[in-house]
Amino acid sequence: MNLATIVDGKPDDALALVSRGRQTTYGELRETTARFRGGLVGLGVEPGDRVGIVAANNPFFVQAYLATLGVGGVAVPLNPASPSAELRAELTAISAKVAFVGATGRDAMAGIGQGGVPVEQVIVPEGVDLAGAKSIDKVIGDEAPVVDRSGDDLAVLIFTAGTSGSPKAAMLTHGNLLANLEQMQLHPDRALTAADKSLGVLPMFHIFGLNVLLDLSLYAGASVVLVERFDPASSLDTIKDHRVTIVAGAPPMFQAWANMPEADPGAFRSVRLAVSGAAPLSPETGAAFEARYRIPIYQGYGLTEAAPTVTSSVTAGSAKPGSIGCPIPGVEVRLVDSDGEDALQGDEGEIWVRGPNVFKGYWNDEEATASVLTADGWLRTGDVAVVDDDGYLYIVDRAKDLVIVSGFNVYPAEVEEALLEHPGVAEVAVVGMPHPHSGETVKAFIVPVAGYHLEEDELVEFCAGRLARYKCPTKVQFVDQLPHGMGGKLLRRALRT
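The rules behind the values
For every chain, the first residue of the written sequence is number 1, and numbering continues from 1 onward in sequence order. Residues qualify for local features only when their pLDDT is at least 70, as the model is predicted, and side-chain atom pairs are given and counted only at 80 or more; totals for whole chains, interfaces and linings, by contrast, use all residues. Hydrogens are left out, water is left out, and the side-chain values use all remaining heavy atoms of the structure. Going along the chain from the N terminus, every DSSP run of H or I of four or more residues is numbered as a helix, and every run of E of two or more is numbered as a strand. We compute the radius of gyration over the C-alpha atoms and compare it with the globule rule, which gives 2.2 Å times the number of residues raised to the power 0.38. The cut-offs for exposure are 20% and 50% of the maximum accessible area for each residue type, with area from a 1.4 Å probe on protein chains only; residues under the lower value are buried, those over the upper are exposed, and the others partly exposed. Following DSSP output, two strands are said to pair if at least two bridges run between them. We call a crossover right-handed when, viewed with both strands directed away from the observer, the connection leading from the first strand over the helix to the second proceeds clockwise. Any pair of residues with heavy atoms lying within 4.5 Å of one another is described as a contacting pair. In this description, a line fitted to the C-alpha atoms serves as the axis of each element, helices being fitted only across the stretch in contact, and the angle between N-to-C directions of two axes falls anywhere from 0 to 180 degrees.

A. Quick look at the overall build of the chain. Helix and strand counts for the chain stand at 15 helices and 26 strands. Here the chain has a C-alpha radius of gyration of 22 Å; the compact-globule value for 497 residues is 23 Å, and the two agree. Expressed along its principal axes, the backbone C-alpha trace of the chain runs to roughly 65 × 55 × 55 Å. Within the chain, the fraction of its 497 residues that count as buried is 58%.

B. The arrangement of the pairing of strand S13 (residues 273-276) in detail. Along S13, one buried face is formed by Leu273 and Val275 and the opposite face, lined by Ala274 and Ser276, is buried too. Pairing of strand S12 (residues 246-249) with S13 involves 4 bridges; the strand directions are parallel. Of the residues in S13, the one forming a bridge with Ala248 is Val275. One crossover worth recording links S12 to the parallel S13 by way of helix H9 (residues 251-258), and it is right-handed. Sheet analysis places S13 next to strand S14 (residues 297-302), joined by 3 bridges and oriented parallel.

C. Geometry of helix H14 (residues 456-464). Listed as buried for H14 are Leu459, Val460, Phe462, Cys463 and Ala464. Where H14 is buried, its residues contact helix H13 (412-419), strand S24 (425-435), strand S25 (439-448) and strand S26 (475-478).

D. Structural detail: the environment of Cys472. Here Cys472 lies in the loop between H14 and S26. With 11 residues separating them along the chain, Cys472 and Glu461 place their C-alpha atoms 8.5 Å apart. Not counting residues within four places of it along the chain, the set of residues in contact with Cys472 comprises Val442, Cys463, Ala464 and Leu467.

E. Molecular detail of the sheet that holds strand S10 (residues 197-200). Strand order in this open sheet of 9 strands is S2-S1-S11-S10-S12-S13-S14-S15-S16, and the pairing throughout is mixed. Whereas interior strands pair on both sides, the edge strands pair on one side only; in this sheet they are strand S2 (22-25) and strand S16 (326-327). Here H9 sits on the sheet in contact with S10, S12, S13 and S14, set at roughly 115° to S12.

Shown next, in the form of structure tokens:
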């Protein structure tokens, strides 16, 4: 069992990828990927070795990803827009042996500095200049076969804020990822087919873009139109020009499309399925989008630790406004109350998940793993929901302090740690606040060091040098003190009011 074999068995001349007008067939993809595998073998990559992939949505990412899996390595997709400090920390944390770095990740990798890159070898696409790196055309070798792996073998590490604590790498096996692909295809009328064409704009360093978009499309023999950056107007042109049939996106994408008065109402004429995930979709956005383009949005729910899909209104059959749908086939879901018992019908409960798609745990963090995985295999998500009489779930609260910005998870502790490195910050608290475009945004409450003058823009830029932009506060408020409970615990709820 190896996830890389999802491209096998498709006709050689069938379209697999479209990128910047260039088409790649399944035959070409298999051949190039086999040569990438040969290059990795030549560099000494062995089963279990971690390989970083710092690239945008393009063929280089896809080939690097499939080749890494194919040699038995562990693929670690990373945000190419990360600042150098964050990228170095992540590559160090997972002890990466090799890193594929695309054009969009070049500056971040270069910023780590000579001798500071925590990998043995960096590989770049042809035409990308990066000191100390090897061009892929100098690395690829003879075709190498796919290495057989078991379902329990690690396939991917995805950095996530987790259900609690600071960001960590979630361990997803070949079995986890393949199980979720099979689960997502188990609905009678809406399974992807070889005739489908998916819009590949969701970033593939995120599990939604990686397994729901890329892997599922390849698994079904469909094609993917790769888009490196989301722009509302140009993405509509892409959908129309390429006759895209499947659109998977985060709520801010659908909100942007719904709020474009100049957009062609027929832009989604070729689309048969629009799916939203990664963050709650407001009923208002869903209604506005459907009224404009005459197509419903099917909402789902998942998390990195579940590879990711847990519930969906696609498999449930209809899109109820505000609902994340029903559990997909092969996934067990419980709503558990504060006493650890199953919540009564109509009462709130934390979502617990069990199934072959649930991850092995967090990389080198047994304590964090034990805090979210029960002895009998249930994953405690930290999200609170209720269920209606038809079995449809509705998210009502978040038991964890997670902030979701445009579908990306941000844990306050990570932002707070970055801001506390500033010599003028005595104490800090970070919370999520509603935002009309991104769903939520990060706000920081700062207690300055006595006598130290701080500026809001100064702190935002300071944070941006250490964390990806979406994690940085867009608003900073200076306060004399922060609210604490009797035991000294920070009261974040008091800051959100």
